Amino acid sequence: MAHEHPRWIVLKFGGTSVSSAANWVTIANVVRARIAAGYRPLIVHSALSGVTQGLETLASRALTREHAEVFSDIEARHQSLAAGLGFTRDESEAAIGPDRRELRALVEGVALVNELTPRTRARLLAFGERMATRLGAESLRRAGIPVTWLDARDLLTSVDRGNGSEAAAYLSAECDAAADSALTARLGQLAGVPLTQGFTARNAAGETVVLGRGGSDTAAAYLAGKLSAEHLEIWTDVPGMFTADPRVVPSARLLRQLDYREAQEIATTGSKVLHPRCIPALRERGIPIHVHSTAMPDVEGTVIRRGAAEGPAQLKAISCKKSIVLVSMETVGMWQEVGFLAKAFAAFGRCGLSIDLVSTSETNVTVSLDEEANLLEAGMLERVEDELSKICRVTIIHTCAAVSLVGRRIRGLLYRLGPALQLFEQQRIHLLSQAASDLNLTVVVDEDQADKLVRLLHAQMIAQAGSPDVFGPSWEELQPGALDHST
Ligand code: ADP
Ligand code: ASP
Ligand code: MG
């Protein structure tokens, strides 16, 4: 029987994609086209744009009882989509009323007890995806697609890797992507098209956890792994991974194909289009990732798969990661001293801080921390500073950005860096690091210099680059005038 071995694919739609009624027409078309092509799609989607951030603000404002306005704004965003989809007030109330009331009760609870634990923060954040998927499911049903809404917490259980903070276990949880025959069988028996929330899972104790900002990509990847999907489609607001963020560099070129390692490096060095954690889940299994844009559904986009475009040294992208904090450790005693690095790194470990980049000299070790990835809470940096002060002189430099040249065999390209190095003349370079993997070369500069540096490096190192198999049209060519170029 055909449904005994369904050809699963996972379709993930991001915040911008699910926020307008017009995009839901495109989403319905994509789902229909995949069913017609013989696939069984599982739909995973994000909260409406701005809602997760709104929920973060809601949570912190509740502590000072200043949350009413943010609550109304979150409500209005859902109301406006519901109205655009043609729902009456009553229909919209039937779809999201119960969740909205539960959210309100939870926020009032935070205000009352004046306490916000990571556990409660995770519960609050999960409401964005929850409410959005209620509207999404209803919208597809009205378009004639039989949808079964599923609670993501019944599909994904987090695993305790035992190496993070308590906050990370609730707010940056990780799950397993190994083939799951029980889940595959359960979803295989459903009559309709399953649709669920990104970003959300449950822990072993049954509590709600979230997968870190941008984590709907990761949820979709875990599910693609569990279902042994034929591929994962990430639908966002740009048609693929580009040689730089097209919002910063309009001449950025579409990267038509990438292997997992390169895509991983582009994602890890800051290109938001794919969450870095979503790639390892699929890389081991060889499940391809296709990136598409809901705004330009006909553009082919990027395909990430095993062994794509093997070849000589080639620069693929200029990435940028903001909100970087540098910790510089100065000590005269370090030269030839045994164990200084071990002591310093142990201090970061005890404070639950993960280090990104490291650069060392005889008297100085400088490391970078990614503020977002570390969920830096007030007090965490002070704690590490106190501990380190016992063994060296510590300076903390805030608001930095890491700008990376990413590609294969970067060392082989260093000779071409000559003219580009002149760009660094007026820059204050805090740290320079060449990845041991030979896939990136990164400089850390002041955050306000980063976009300019990305544009200049892109113009010098990538603009006219290589083979049409890999480098597709530029963002400008794809959609002239679509983005505000003034930024
Ligand atoms: P979604 O809400 O669909 O998950 P995101 O906002 O997380 O979408 O990611 C898409 C955004 O990633 C784009 O709007 C773009 O500005 C940004 N971006 C950053 N670097 C890149 C890059 N190298 N290629 C494409 N997009 C990038
Ligand atoms: N809604 C979540 C966020 O904004 C997850 C996601 O969209 O990927 O971070
Ligand atoms: Mg995203």
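Residues numbered from 1 in each chain as written. Chains lettered and ligands numbered in written order. Predicted model: local features only at pLDDT ≥ 70, side-chain atom pairs only at ≥ 80, totals over all residues. Heavy atoms only, no water.

Student: Tell me what's going on with the nonpolar core, and back it up with residues and numbers.
Tutor: Within the largest apolar cluster, 130 residues are counted, with the highest numbers of intra-cluster contacts made by Leu 274 and Val 403. Looking at this core element by element, the count peaks at 10 residues for helix H5 (residues 118-142). Leave out the neighbours within four places in its chain, and Val 403 touches Ile 318, Ser 319, Cys 320, Leu 441, Thr 442, Val 443, Val 445, Ala 450, Leu 453, Val 454 and Leu 457. In terms of nonpolar packing, the next biggest core, distinct from the first, is built from 19 residues, Ala 344, Leu 369, Val 384 and Cys 392 among them. (Core = buried A, V, L, I, M, F, W, Y, C linked by side-chain atoms within 4.5 Å. Buried < 20%, exposed > 50% of the residue type's maximum accessible area, 1.4 Å probe, protein only. Helix = DSSP H or I, 4+ residues; strand = E, 2+ residues; numbered from the N terminus. Contact = heavy atoms within 4.5 Å.)

Student: Go over the site of ligand 1 with me, naming the residues and quoting the values.
Tutor: Among the 16 residues in the neighbourhood of ligand 1, the closest are listed as Thr 236, Asp 237, Phe 242, Asp 245 and Arg 247. In this structure, Lys 272 approaches ligand 1 through a side-chain N or O atom, which is 3.2 Å from an oxygen atom. Within the complex, 89% of the 580 Å² of free accessible area of ligand 1 lies under protein. Tallied by class, the residues present in the shell around ligand 1 amount to 6 nonpolar, 5 polar and 5 charged. (Near = heavy atom within 4 Å. Polar contact = N/O pair within 3.5 Å; in protein donor to acceptor, adjacent residues only side chain to side chain. Areas by Shrake-Rupley, 256 points an atom, 1.4 Å probe, with all protein chains shown as cover. Nonpolar A, V, L, I, M, F, W, Y, C, P; charged D, E, K, R; others polar.)

Student: If you had to explain the sheet that holds strand S17 (residues 393-408) to someone new, which residues and values would you point to?
Tutor: In any sheet, the strands associate via hydrogen bonds between backbone groups, in a parallel or an antiparallel arrangement. Ordered by their spatial adjacency, 6 strands build an open sheet running S15-S16-S14-S17-S19-S18, and the pairing between neighbours is antiparallel. Of all the strands in the sheet, the pair left with one neighbour each is strand S15 (355-360) and strand S18 (431-434). Along the sheet, successive strands turn relative to each other by an average axial angle of 30°, direction set aside. Those strands touched by helix H11 (residues 340-350) are strand S14 (314-330), S15 and strand S16 (364-370), and its axis lies near 25° from that of S16. Against the sheet, helix H12 (residues 380-389) makes contact with S14, S16 and S17, and its axis sits at roughly 110° relative to S17, the strand it touches most. (Pairing = 2+ DSSP bridges. Axes fitted to C-alpha atoms, helices over the stretch in contact; angles between N-to-C directions.)

Student: I'd love a proper account of the pattern of salt bridges, names of residues and values included.
Tutor: Counted according to the given criterion, the structure contains 28 salt bridges. Its salt-bridge partner being Asp 180, residue Lys 226 comes within 3.5 Å of it at the nearest N-O pair. Separated by 46 residues along the polypeptide, Lys 226 in helix H8 (residues 216-226) and Asp 180 in the loop between strand S5 (174-175) and helix H7 (181-188) bring together distant segments of the chain. Using a relative accessible area of 10% as the deciding quantity, one classes Lys 226 as buried. (Salt bridge = Lys/Arg side-chain N within 4 Å of Asp/Glu carboxyl O.)

Student: So, the pairing of S14: which residues are in play, and what are the values?
Tutor: Among the 17 residues that make up S14, 14 are buried, leaving the element largely enclosed by the rest of the structure. Bridging between S14 and S16 involves 7 bridges; their strand directions are antiparallel. Bridge pairing in S16 places Leu 326 opposite Ser 368.

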